[in-house]
Amino acid sequence: MSTVALTPHEIREAVSMREAIDAVRSGFIDLAAGEFEMPTRTVLRDGQFLVMNAHHRATASAMIKTLSLDFDRVPAIAGTVVWAETRRPDTLVADAGAVTTLRTGAAVGVATDLLAPADAGRLTMIGAGGQAPDQVRAVHTVRPLRELTVVDADPARAEALARTLADELTGTRISTATDPEAAVGDAEIVCCATPATSPLFTAGALPARVHVNAIGAFRPTMRELPDELLAGSTVIIDEREAILEESGEILHALKSGAITQDSLTELGAALTAAEAPSGDRTVFKTVGVAMQDWAIARLLADKFLP
């Protein structure tokens, strides 16, 4: 029996964003088919500590992730992902920060590929923290970007992310901004990755045809999106139980009457539906589920375990 421990660099070198998107897409389909045993995550200290686990019945494999989260710390996410299976006694331990940003980006890639117009190529990225680079990479993987606007209240942080991505996004015009309301006006895709507790923009600031991904708000006290946007959009979520437990914007919109639970469609169901969801405005809201971490851990296990 052996244990393989992987650093963030090793994870990045081993798994491409395309591989991650394909793995997470398959995971959502299996989740919809009932292939996972996946309890709602344990939340301690109002979200500063999270424990997530998932068991995939078909492969008799399991993943447990523990992490601490502090947005005033670099890195904001720290912890471990542990992989085990019955087929072999070897285990894998991976950096939770790298796995989390990669799998969250991959979920956005899956949703964007399903929901965004085929010709969409202008992205407004709101938030320039640790999750943002993989959000951009994932969108670029499924919808090659012509233009990218990075928005952050801290201009230096927005400019730093723009510089980081410049070499990867050859041929993409990159700019920065500080005002989300103004920056979404001509976007075709919007990604939100912030710890906001109130909406980042009004629904009226968006163009009539747009796809919005929201990943930042993962507690009931947090909100990135306005009720009016959710009321006027096709809304896709990662997993109903998790969303109704943790998503501030969905809970707020339900309480206000802007939407009903019938307005929400899980991503796995949308991927397997006879017809893809449609609408001029589409929203993907995710709080993150353990299946996504399992999907990345499985890729790593297949690459690194004997």
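The sections below set out a description of the structure shown in this document.

Parameters and conventions
Per-chain numbering applies: the sequence of each chain, read as written, is numbered from 1 onward. Given that the model is predicted, a residue must reach a pLDDT of at least 70 before its local features are reported, and side-chain atom pairs must reach 80 or more before they are shown or counted; all residues, however, enter totals for whole chains, interfaces and linings. Only hydrogens and water are set aside when side-chain values are computed; all heavy atoms of the structure are taken into account. Numbered from the N terminus, helices here are DSSP runs of H or I no shorter than four residues, and strands are runs of E no shorter than two. In protein, a polar contact requires one atom able to donate a hydrogen and another able to accept it; more generally it is a pair of N or O atoms within 3.5 Å, and residues adjacent in sequence count only if both atoms are side-chain atoms. For this analysis, residues touch if any pair of their heavy atoms sits within 4.5 Å. Working definition: rings of Phe, Tyr and Trp (its six-membered ring) pair if their centres are within 6.5 Å, and the pair is stacked with planes under 30 degrees apart, edge-to-face with planes over 60 apart, and tilted otherwise. The classification of residues rests on relative accessible area computed with a 1.4 Å probe and restricted to protein chains. Under 20% of the type maximum is buried, over 50% is exposed, and intermediate values are partly exposed. Among the buried residues, those of types Ala, Val, Leu, Ile, Met, Phe, Trp, Tyr and Cys that are joined through side-chain atoms within 4.5 Å form a nonpolar core. The rule for pairing is simple: two strands pair if DSSP sees at least two bridges between them. Under this scheme, a helix contributes an axis fitted over its contacting stretch, all axes are lines through C-alpha atoms, and angles between N-to-C directions fall in the 0 to 180 degree range.

Looking now at the side chain of threonine 91. With respect to the helices, strands and loops of the structure, threonine 91 is situated in strand β7 (residues 91-95). A distance of 2.9 Å separates polar atoms of two side chains, one belonging to threonine 91 and the other to threonine 3. Filtering out sequence-adjacent residues up to four positions away, threonine 91 remains in contact with Ser2, Thr3, Val4, Trp83, Ala84 and Leu305.

This paragraph deals with the packing of aromatic side chains. One pass over the structure, following the stated rule, counts 3 aromatic pairs. Ring geometry for tryptophan 83 and tryptophan 294: centres 6.1 Å apart, planes at 40 degrees, overall tilted. One end of the pair, tryptophan 83, is in strand β6 (residues 77-85); the other, tryptophan 294, is in helix α11 (residues 290-304), and 211 residues separate them in sequence. On the basis of relative accessibility, which here comes to 2%, the residue tryptophan 83 falls in the buried class. Chaining the aromatic ring pairs together yields one cluster made of Phe36, Trp83 and Trp294.

Take the nonpolar core next. Val190, Cys192, Phe201, Val212, Leu225 and Leu300 are the most contacted members of the largest nonpolar core, which has 104 residues in total. Per-element tally for this core: the top contributor is helix α3 (residues 96-115), with 11 residues.

With burial as the criterion, only one face of strand β4 (residues 49-56) is covered, namely that bearing Leu50, Met52, Ala54 and His56; the residues Phe49, Val51, Asn53 and His55 on the opposite face remain uncovered. For strand β2 (residues 36-37) and β4, the ladder comprises 2 bridges, and the chain directions are antiparallel. When the bridges of β4 are listed, glutamate 37 appears paired with histidine 55. Hairpin connection between strand β3 (residues 42-44) and β4: a loop of 4 residues separates the two successive antiparallel strands, and arginine 45 in this loop has a positive phi of roughly 50 degrees. Across 8 bridges, the pairing between β4 and strand β5 (residues 61-69) is antiparallel.

To continue, consider the side chain of aspartate 227. For aspartate 227, the location among the structural elements is in helix α7 (residues 227-231). Relative accessible area serves as the criterion here: at 10%, aspartate 227 is assigned to the buried category. In terms of polar contacts, aspartate 227 uses its side chain to reach the side chain of serine 256, at 2.9 Å. When sequence neighbours within four positions are dropped, the list of residues in contact with aspartate 227 reads Glu249, His252, Ala253, Ser256 and Ala258.

So, on to the pairing of strand β11 (residues 189-192). Residues Ile189 and Cys191 of β11 are buried on one face, and the alternating residues Val190 and Cys192, pointing to the opposite face, are buried as well. Of the strand pairs in this sheet, strand β8 (residues 122-126) and β11 are connected by 4 bridges, and their pairing is parallel. Among the inter-strand pairings, threonine 124 is bridged to a residue of β11, identified as valine 190. With 4 bridges connecting them, β11 and strand β12 (residues 210-214) associate as parallel partners. Across the sheet, the residue bridging to cysteine 191 is asparagine 213, located in β12.

With that settled, consider the environment of alanine 128. Within the secondary structure, alanine 128 sits in the loop between β8 and α4 (132-142). Distance from alanine 128 to aspartate 154, taken between C-alpha atoms, is 8.7 Å for residues 26 residues apart in sequence. Contacts of alanine 128, omitting those with residues within four sequence positions, involve Val150, Val151, Asp152, Arg157, Ala158 and Leu161.

Turning to the sheet that holds strand β15 (residues 281-285), a few remarks are in order. Across the sheet, 8 strands lie side by side as β10-β9-β8-β11-β12-β15-β13-β14; this open sheet has parallel pairing. Among the strands making up the open sheet, the edge pair consists of β10 (173-177) and β14 (264-266). Put simply, the sheet's adjacent strands are angled 20 degrees from each other on average, direction ignored. Pairing between β12 and β15: 5 bridges, direction parallel. Paired with valine 212 across the two strands is valine 283, which belongs to β15.

This part covers the environment of glycine 185. Topologically, glycine 185 is positioned in the loop between α6 (180-183) and β11. The exposure class assigned to glycine 185 is partly exposed, which follows from its relative accessible area of 37%. For the pair glycine 185 and arginine 223, spaced 38 residues apart in sequence, the C-alpha to C-alpha distance is 20 Å.

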